[in-house]
Amino acid sequence: VLVGTLLLYTFVLVIATHLPKIGGMVRTPGIDKLLHFGAYFLQATLAAAAVAATGRLGRRNAVIVMAALAAFGALDELTQPWFSRSAEWADWAADCFGIVLGVGWVVLLTQRLRRSPSRGEA
């Protein structure tokens, strides 16, 4: 379910980031960076949760997930000019910040859940 949700979300994300820009759609300066952060935070959370569900979200795999998503974000930015959109380093930086925090919180949550005693134990 997590992998399917991740794939569907990623597909929608690619479509949304490659639609021609509509003038005035995002009016508040800097709000697009918050949108980039949020979009990639959610994608990273889904990806990390999918790996965590296999029991293999250690430090190495967390770094791999972050690197893969950062590369995806860079590719997403670099292909936007083909669709009358602009590619910005600051957008990619916001993507990467969302990725690090998304994977990071899943890692912390996973570690905490592993350490907590079972509900049946007293």
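Anyway, here's the lowdown on the structure attached to this text. Per chain, the residues get numbers from 1 upward, laid out in the order the sequence is written. Residue-level local features of this predicted model are given only where pLDDT is at least 70; pairs of side-chain atoms are given and counted only at 80 or more, and the full residue set underlies all totals for whole chains, interfaces and linings. The basis for every side-chain value is the complete set of heavy atoms in the structure, and neither hydrogens nor water enter the calculation.

1. Here we look at the overall build of the protein chain
Step number 1: Of the regular secondary structure elements, the protein chain holds four helices and zero strands.
Step number 2: Counting helices and strands in the order they occur from the N terminus, the protein chain gives α-α-α-α.
Step number 3: Judged by the C-alpha coordinates and their principal axes, the protein chain covers about 60 × 25 × 25 Å.
Step number 4: In the protein chain, which comprises 122 residues, the share counted as buried stands at 30%.
Step number 5: Between two residues, a contact is recorded if the distance between any of their heavy atoms is within 4.5 Å. Of the contacts formed within the protein chain by residues at least 6 apart in sequence, a portion of 81% connects residues at least 24 apart. Where helices and strands are cited, they refer to DSSP runs of H or I of at least four residues and of E of at least two residues respectively, numbered from the N terminus. Type-normalised accessible area, obtained with a 1.4 Å probe on protein chains alone, sets the label of each residue: buried when under 20%, exposed when over 50%, and partly exposed for intermediate values.

2. Let's talk about the packing of helix α1 (residues 2-18) against helix α3 (residues 59-79)
Step number 1: Note on geometry: axes are lines fitted to C-alpha atoms, helical ones only across the stretch in contact, with angles between N-to-C directions running from 0 to 180 degrees. The contact between α1 and α3 brings their axes to 10 Å, and the two run at 30°. Judged on the interaxial angle alone, α3 and α1 are roughly parallel. For the pair α1 and α3, the crossing hand works out as right-handed. Contact with α1, carried on its side by T10, L13, V14, T17 and H18, involves F72, D76 and T79 of α3 and no other residues of that element.
Step number 2: Each residue gets one of three labels, nonpolar for Ala, Val, Leu, Ile, Met, Phe, Trp, Tyr, Cys and Pro, charged for Asp, Glu, Lys and Arg, and polar for the others, Gly among them. Taken together, the residues of the contact of α1 with α3 break down into three nonpolar, four polar and one charged. What sets the label is the angle itself: under 35 degrees gives roughly parallel, over 145 gives roughly antiparallel, 65 to 115 gives roughly perpendicular, and the rest give oblique. The handedness criterion is simple: a crossing whose near helix is rotated anticlockwise from the far helix by less than a right angle is left-handed, and one whose near helix is rotated clockwise is right-handed.

3. Observations concerning the packing of α1 against helix α2 (residues 31-52)
Step number 1: Viewed as axis vectors pointing N to C, α1 and α2 meet at an angle of 155°, and their least axial separation amounts to 9 Å. Classified by the angle between their axes, α1 and α2 sit roughly antiparallel to one another. Our pair here, α1 against α2, has a crossing hand that is left-handed. Facing L2, V3, T5, L6, Y9, T10 and L13 of α1, the residues of α2 in contact are G38, A39, Y40, L42, Q43, L46, A47, A49 and A50.

4. Some points on the packing of aromatic side chains
Pairs of aromatic rings are described using the distance from one ring centre to the other and the angle between the two planes.
Step number 1: Aromatic rings from Phe, Tyr and Trp, with only the six-membered ring used for Trp, were paired whenever their centres fell within 6.5 Å, and each pair was classed as stacked if the ring planes differed by under 30 degrees, edge-to-face if by over 60, and tilted otherwise. Per the stated rule, a full pass over the model turns up four aromatic pairs.
Step number 2: Arranged with centres 5.4 Å apart and planes meeting at 40°, the rings of F37 and F97 form a pair that is tilted. With F37 in helix α2 and F97 in helix α4 (residues 89-115), this pair connects stretches of sequence that are 60 residues apart.
Step number 3: For F97, a relative accessible area of 52% puts it in the exposed group.
Step number 4: Between W89 and W92, the ring centres sit 6.1 Å apart and the planes meet at 75°, which makes this aromatic pair edge-to-face. A residue pair is termed a helical-turn pair when its members lie 3 or 4 positions apart in one helix, as W89 and W92 do in helix α4 at three residues.
Step number 5: Using a relative accessible area of 27% as the deciding quantity, one classes W92 as partly exposed.
Step number 6: Of the aromatic side chains, those joined through ring pairs into one cluster are F37, F41 and F97.

5. As for a nonpolar patch on the surface
Step number 1: Patches were defined on residues exceeding 30% relative accessible area and lacking a salt bridge, with like-charge contacts within 9 Å and nonpolar side-chain contacts (Val, Leu, Ile, Met, Phe, Trp, Tyr) within 5 Å. Surface exposure here means Shrake-Rupley accessible area, sampled with a 1.4 Å probe, where a residue is shielded only by the protein chains that are shown. Any carboxyl oxygen of Asp or Glu within 4 Å of a side-chain nitrogen of Lys or Arg constitutes a salt bridge here. A surface patch of nonpolar side chains, about 500 Å² in accessible area, is lined by L8, F11, V12, I15 and L19.
Step number 2: The residue F11 is located in helix α1 in this model.
Step number 3: Judged by its relative accessible area of 54%, F11 falls in the exposed class.

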